[in-house]
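Here is how the chains run, residue by residue.
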Amino acid sequence: MNKFLIIPKEIVTSDSADNVYRKSAVEIVDQTITSIIALKDFDVRKYDGTVLEFPDFTLVPGFIQTHIHLCQTMFRGLADDLQLLDWLKKRIFPYENAHNKNSLKSSARLGLHELQISGTTTILDMGTVNHQEIIFDELINSGIRAIAGKCMMDINDLYSAFKESTEVSLATAYELAKEFHLKDDKIKYGFAPRFVLSCSEKLLRETSEMMRDFPGSMYHTHSSENQDEVAEVRRRTGKENIEYFESINILSDKTVLAHCVHLNNREISSLKSSNTRVAHCPSSNLKLGSGIANIPRYLREGISVSLGADGAPCNNNLSVFNEMRLAALIHKPIHGASVMDAKTVFRLATIEGAKALNLDKEIGSIEPGKKADIVLLNLNKADKCILDTDENIYSDIVYSSDKNSVREVWINGKHLVENGVSKKYDENSLIAEAKYELNQLLKRTEN
Ligand code: GUN
Ligand code: FE
């Protein structure tokens, strides 16, 4: 049995009352948070487990990102300053298509290392078309919590080499779900038809029907990201993107739609009535020039919103801190400075992410019974707020922290980042491996 106490400066719970505790400890037994102990009448010296004291650090729930492409991590910086359809056509589709098992492994490891040392403990990953089992192996090996699945594409007018038949795509997804859904208690399957422009109606529909065989699985796709994309969806289907999804029955509380930038009123109503989840990706939406989603309105309407960095080549960073800061900032010029306050945004990156993935009974807050996905931040620095009120903690995290604030990370009770450094990966080896693999991959794209 692995039994330990973490005694931080303060505990920011993200529970339903937004409790913040001081002079308290979090007790962990194996994978689970068993209690939050007030230290006033508790003799720590008599505790029969390990005691870890971090008097300068703030304990928060592990961060959750609901839209990630691990397979793209090694393409960072290779597709800058392009709008979505050119970005896919000229760079991302050819590169993803050129992945072999080794390059995919290297790309996934780079991304997992970056996510973990910056405090992300759960992801929804879109995967890629070929060799998805490699991504699963790396997810499991990394110790992260994830919902992931192969990216499905049976149409590709932008780069025709990168697709597969409807039957092969469906059959491969089904086999992967059989093998990896719940393979480990941190891994679930997320069916991932890429977006309307790369999927036949049969693929979109039958994928959703498959989910019945895999309780707890999710449906993960892109929607309404870019104006040219939306126009092409309209031309093909005669409908707006979300209206089309509604007409083929794939909106539900098990569906996560990345972006949702360009929606009309009816589409917003459909998201709300179907309880569909929106993954807000502010860095990606700015960098690809896609636009600004009406997140304050979605939140007002009670639509589930969570955050994602998307892929490294449209960001160019996987840190949740960038997404929190931008989610708090970019809506203010449009809706006024009081929208997207720091506490709201912190919740999007923690408990709201858990709710989006239907994992809120397990993760997303620091409460007894939840899994021990825990991050310690050093907010005790000269570039942080001088006062120690609850509101200042959220302000520090959202407006003035970055990945360097992350000091310790546990996932499922396992200590994976210590003093800001991964206990799992050697950064220099990851870089050397990725350099070799990327050069090989680029040679393959020239042929
Ligand atoms: N739409 C379809 N594929 C992608 C992708 O890889 N990234 C983003 N941002 N949008 C997409
Ligand atoms: Fe994406």
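Scroll up to find the structure this text is about.
Report follows, based on the coordinates. Treat the numbers as computed from the prediction; the structure is a model and nothing was measured. (Residues numbered from 1 in each chain as written. Chains lettered and ligands numbered in written order. Predicted model: local features only at pLDDT ≥ 70, side-chain atom pairs only at ≥ 80, totals over all residues. Heavy atoms only, no water.)

## Overview of the packing of aromatic side chains
- If you walk through the whole model with that rule in mind, you get 15 aromatic pairs.
- Measuring from ring centre to ring centre gives 5.1 Å for Y174 and F214, while their planes differ by 70°; the resulting arrangement is edge-to-face. Of this pair, Y174 sits in helix α4 (residues 166-180) while F214 sits in the loop between α5 (201-210) and β11 (218-223), and the two are 40 residues apart along the sequence.
- Taking the relative accessible area as the measure of exposure, Y174 reaches 25% and is therefore partly exposed.
- Judged by its relative accessible area of 6%, F214 is buried. (Phe/Tyr/Trp six-rings, centres within 6.5 Å; stacked < 30°, edge-to-face > 60°. Helix = DSSP H or I, 4+ residues; strand = E, 2+ residues; numbered from the N terminus. Buried < 20%, exposed > 50% of the residue type's maximum accessible area, 1.4 Å probe, protein only.)

## Comments concerning the pairing of strand β13 (residues 277-280)
- Residue alternation in β13 divides its side chains into two sets, R277 and A279 and V278 and H280, and both sets are buried.
- Pairing geometry for β13 and strand β14 (residues 304-307), over 4 bridges, is parallel. Each residue of the ladder has a partner; that of R277, found in β14, is S304. (Pairing = 2+ DSSP bridges.)

## Concerning the coordination of the iron ion (ligand 2)
- The iron ion (ligand 2) binds to the protein through H67 (NE2), H69 (NE2), H222 (NE2) and D310 (OD), with metal-donor distances spanning 2.0 to 2.2 Å.
- In primary sequence terms, the donor set of the iron ion (ligand 2) follows H-x1-H-x152-H-x87-D.
- Relative accessible area serves as the criterion here: at 0%, H67 is assigned to the buried category. (Donors = N, O, S within 2.8 Å, 3.2 Å for Na, K, Ca; no water.)

## As for the pattern of salt bridges
- Enumeration according to the criterion identifies 36 salt bridges in this entry.
- Note that R347 and D18 form a salt bridge whose closest N and O atoms lie 2.6 Å from each other. One end of the pair, R347, is in helix α13 (residues 342-348); the other, D18, is in the loop between β1 (3-12) and β2 (20-22), and 329 residues separate them in sequence. Pair check on accessibility: R347 and D18 agree, each one buried. (Salt bridge = Lys/Arg side-chain N within 4 Å of Asp/Glu carboxyl O.)

## A closer look at empty space enclosed by the protein
- With the rule as written, the count across this model stands at 2 cavities of 30 Å³ or more.
- Put simply, the largest cavity is a space of about 100 Å³.
- L84, W87, L88, H222 and E225 are the residues nearest the centre of the largest cavity, which is lined by 13 residues in total.
- Considering every element that reaches the lining of the largest cavity, the biggest residue donor is helix α1 (residues 84-97), with 3 residues.
- For the second largest cavity, the calculated volume is near 30 Å³.
- Lining the second largest cavity we find P61, G62, I363, G364, S365, I366, K371 and D373. (1 Å grid on protein atoms, 1.4 Å probe; cavity = no way out; pocket = protein on both sides within 12 Å on 5 of 7 lines; lining within 4 Å. Points joined across faces, edges and corners; volume = space filled by probe spheres on them.)

## A look at the layout of surface pockets
- If you add up the space inside the largest pocket, you get close to 340 Å³.
- Lining the largest pocket we find 17 residues, and of these H113, E114, I117, K403 and E427 sit closest to its centre.
- Among the elements of the structure, α2 (101-117), β16 (406-411) and α16 (427-446) are those that each provide at least two residues to the lining of the largest pocket.
- No other element matches the 4 residues that α2 contributes to the lining of the largest pocket.
- A breakdown of the residues in the lining of the largest pocket according to their chemical character gives 6 nonpolar, 6 polar and 5 charged.
- Here the second largest pocket defines a volume of roughly 210 Å³.
- In terms of lining, the second largest pocket is formed by 15 residues, of which the most central are S208, M211, R212, S252 and K254.
- For the lining of the second largest pocket, the per-class residue count stands at 6 nonpolar, 6 polar and 3 charged. (Nonpolar A, V, L, I, M, F, W, Y, C, P; charged D, E, K, R; others polar.)

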